[in-house]
Every structure is written in structure tokens, then in C-alpha cells.
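Structural features, examined
Below are the chains, spelled out letter by letter.
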Amino acid sequence: MLRQVAESVLIHKSEFCQSNAVVVQGRAGVLLIDPGVTGDEIACLANDLLELGQPVVAGFSTHPHWDHLLWHAGLGAAPRYGTARCAATVRDRLSDAGAKGRVAALIPPDIAEQVPLDLLGLIAGLPAEVAQIPWDGPQVRIIEHQAHAPGHAALLIEERRVLVAGDMLSDVLIPMLDLNDTADPIEDYLAALRLLEDAAGDVDVLVPGHGSTGGADQVHARIDQDRAYVHTLRDVGAPGDPRVGPSATYDWVPGVHARQLQHLAPRSERDGTPGRNERTAERI
Ligand SMILES: [Zn+2]
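Residues numbered from 1 in each chain as written. Predicted model: local features only at pLDDT ≥ 70, side-chain atom pairs only at ≥ 80, totals over all residues. Heavy atoms only, no water.

Details of the coordination of the zinc ion
- Every protein donor of the zinc ion is listed here as His63 (NE2), His65 (ND1), His148 (NE2) and Asp167 (OD), and their distances to the metal cover 2.2 to 2.3 Å.
- Within one chain, the residues serving as donors to the zinc ion are arranged as H-x1-H-x82-H-x18-D. Residue histidine 148 is located in the loop between β8 (141-145) and β9 (152-157), and its partner aspartate 167 is located in the loop between β10 (162-166) and α5 (185-199); the two are separated by 19 residues in the primary sequence. A single burial state applies to histidine 148 and to aspartate 167, both of which are buried. (Donors = N, O, S within 2.8 Å, 3.2 Å for Na, K, Ca; no water. Helix = DSSP H or I, 4+ residues; strand = E, 2+ residues; numbered from the N terminus. Buried < 20%, exposed > 50% of the residue type's maximum accessible area, 1.4 Å probe, protein only.)

Here it is in C-alpha cells:
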């Protein structure tokens, strides 16, 4: 079911990890950002749009992780975009014959059968100098940063005062750093939070990739919460963050925190465990 969060901006929630698909209404149809997860859910969204008489005229994936790269035939064949770096990462990781098998292995077993991988990752890269998504609707500014995944982009719909944050600024998931593709994941993440903070001054609605939408007060509260979490990782402190505490929404998030801590620990503090600059499993 579609729920309006701002003028001409609607969201469709997936059961998997509270994923949010975002629909932006334009003049001749809609822009669809991160369509959803299971085939039934995406088909349901396609049907809702059909009933509204609003074809999908453009798609966008915020980043190269499988749950943001899906599509369904019922959505039609609109051009689908991501940042150039996102698209290059998808090409790099999905071009061999074994790729879809690897992706399937990343999907939780209880939904693996329901996730349509046929049209996974068929996106075109927008060159870095392209500042807006090319489509006939409200201007959507691409705010690319290196934080959660290569070529990750948040999207700012200035006319509607909406920030679509991708996998940043969630109320249920801690910052999950890109530990594979960057020399300094902590500083990159902090720089990305500063970039979002600069862009989000006039935002009334925040839509994270996973979790609840937030109002203007939540934008800064979540930036502060994420910054505090990243500082904890940097300083190897104990987080007072409710997303990893006893009241965590997802019981696997404390494990993510433990792995991030371990990965980022200086080599001298580790004993044979994977560490800084060593690759961990890819999460496409
Ligand atoms: Zn992600």
C-alpha cells in the first residue's frame, strides 16, 4: 500500500528490514527509487501505480546492494539509474555467470525464493557531473558520498523538502560502513554525514532505506546519533546506541557492530583476524 509522505511523494514499505520504496510523481509518470524486495510486494506496487494511471518513467538505485537493485517486469522498462560508481560496482560484481548464485546466498533463506533476481542491477551510471536525475518531474538532486557502499547516493527533492537517504540515517540500523572499498571508512562516513547535514537544512521529511520516516527534527537527531555511533567505533568505546542495545529492533545488528569493531581494530590489537583494509564478504 502506498502512503503519502509529502506532496507527490509516496512510500511503499517492504516487510524485509522495513525497506522503503519511494515514488515521486512527475508530469508523465513516476520516478521509483529502490523498488522493494519480494516479487509480490513489487508487483503490488506496480499494480497500485497502474490503478493510479501513473507509469514508471524512471528508476533509481541508491547503492549497489542487492535489496536496492531489484525490479519487476510489471514496472515496465523505464530507464534505471544509479551513480556511475554504483553502476560500475554492479557491473564488476554481477558480470560473471556465478553472480546471481552469490547474491541468492546473501538473501535470508525465508524470503530467498520470493526475491526476483532476473532484472537485478540493470542500471545505467549517471556521470559524476550530472547533478539531477534526468526525468520530467520535480528536480531530484543526487548527493553522492562514500559511506555505506561504493557510489552511495542520497536524493534531495528540494521542492518537496524530502531527503531520501538510502542506507544512511536509519532509526533501526546502525551505520554500516563500507569496509572494503575505502582506505578510511570512518572518516568517509563522517564526511558523508557532514554532506547530508549541509544538504538537509530545509528538509521536512526524511525517508531512510530501512526504518521509519522522520520529520525535520529527526534529520538532525539521526545525523547526531549516527555520528556518535561512528565516533564510538573510532574510539573503540561501548556504544550507548539503542539500535545495538537490549532493545535493538533486529537481533543481528549487535553482530554487525562487533564485526565492524573487529575489522577496524588496529592490527596490534588483533590476532589473525581480518582487519583494516582486508576484504570482508561483499554485500551486493
Ligand atoms: Zn545497503
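A closer look at the environment of phenylalanine 60
- Tracing the backbone shows phenylalanine 60 in strand β5 (residues 56-60).
- When the C-alpha positions of phenylalanine 60 and alanine 6 are compared, they lie 19 Å apart, and in sequence the two are 54 residues distant.
- Excluding its chain neighbours within four sequence positions, the residues that come into contact with phenylalanine 60 are Leu31, Leu32, Ile33, Asp34, Tyr81, Gly82, Thr83, Leu126, Ile133, Ile142, Ala153 and Leu155. (Contact = heavy atoms within 4.5 Å.)

Some points on the sheet that holds strand β2 (residues 9-13)
- Strand order in the open sheet formed by seven strands is β1-β2-β3-β4-β5-β6-β7, and the pairing between neighbours is mixed. Two strands in the sheet have a free side with no partner beyond their single neighbour: β1 (2-6) and β7 (124-126). On average, each strand axis in the sheet is inclined to that of its neighbour by 30 degrees, with strand direction left out of account.
- Sheet topology places strand β3 (residues 20-25) next to strand β4 (residues 30-33); four bridges connect them, and they run antiparallel. Paired with glutamine 25 across the bridge in β4 is valine 30. (Pairing = 2+ DSSP bridges. Axes fitted to C-alpha atoms, helices over the stretch in contact; angles between N-to-C directions.)

Some remarks on the pairing of β8
- Note: β8 against β9, five bridges, orientation antiparallel. In the sheet register, glutamate 144 faces β9, and the bridge partner there is alanine 153.
- Two successive antiparallel strands, β8 and β9, enclose a turn made up of six residues, where glycine 151 displays a positive phi of approximately 70 degrees.

A word on the state of the cysteines
- Per the stated rule, a full pass over the model turns up zero disulfides.
- With no disulfide of its own, cysteine 44 has cysteine 17 as its nearest cysteine by sulfur position, at a separation of 19 Å.
- Counting only cysteine sulfurs, cysteine 17 is the nearest neighbor of cysteine 86, a cysteine outside any disulfide, at a range of 18 Å.
- For cysteine 86, a relative accessible area of 0% puts it in the buried group. (Disulfide = S-S within 2.5 Å.)

Concerning unusual backbone geometry
- One non-glycine residue, cysteine 17, adopts positive backbone phi at about 55 degrees.
- For cysteine 17, the position within the fold is in the loop between β2 and β3.
- On the basis of relative accessible area, cysteine 17 is assigned to the buried category, the value being 11%.

Structural notes on the sheet that holds β8
- As summarised here, the arrangement of the four strands in space is β8-β9-β10-β11, forming an open sheet in which the pairing is mixed. Looking at strand neighbours, the two that pair on one side only are β8 and β11 (205-208), the edges of this open sheet. Recorded for the sheet is a direction-independent mean angle of 20 degrees between the axes of neighbouring strands.
- Strand direction decides the pairing type here: β10 and β11, joined by four bridges, are parallel. Following the sheet pairing, valine 162 is matched in β11 by valine 205.

Here's the deal with the nonpolar core
- Ranked by internal contacts, the top residues of the largest apolar core, which has 66 residues, are Trp66, Leu163, Met168 and Leu169.
- Apart from residues lying up to four places away in sequence, methionine 168 is in contact with His145, Ala147, His148, His152, Tyr189, Ala192, Leu193, Leu196, Pro208 and Asp226. (Core = buried A, V, L, I, M, F, W, Y, C linked by side-chain atoms within 4.5 Å.)

Here's the deal with the pattern of salt bridges
- The full count for this structure, using the stated rule, is 13 salt bridges.
- Shared partners join several salt bridges into a network, and the residues in it are Glu197, Asp224 and Arg227. (Salt bridge = Lys/Arg side-chain N within 4 Å of Asp/Glu carboxyl O.)

Side note on the packing of α5 against helix α6 (residues 216-235)
- Between α5 and α6, the least distance of the axes is 10 Å, while the angle of their chain directions is 165 degrees. On the basis of their axis angle, the class for α5 and α6 is roughly antiparallel. Here the hand of the crossing between α5 and α6 comes out left-handed. Along the contact surface, α5 presents Ile186, Tyr189, Leu190, Leu193, Arg194, Leu196 and Glu197, while α6 presents His220, Ile223, Asp224, Asp226, Arg227, Val230, His231, Leu233 and Arg234. (Parallel < 35°, antiparallel > 145°, perpendicular 65-115°, else oblique. Left-handed = near helix turned anticlockwise from the far one by under 90°.)

On their own, these measurements won't tell you what the molecule is for.
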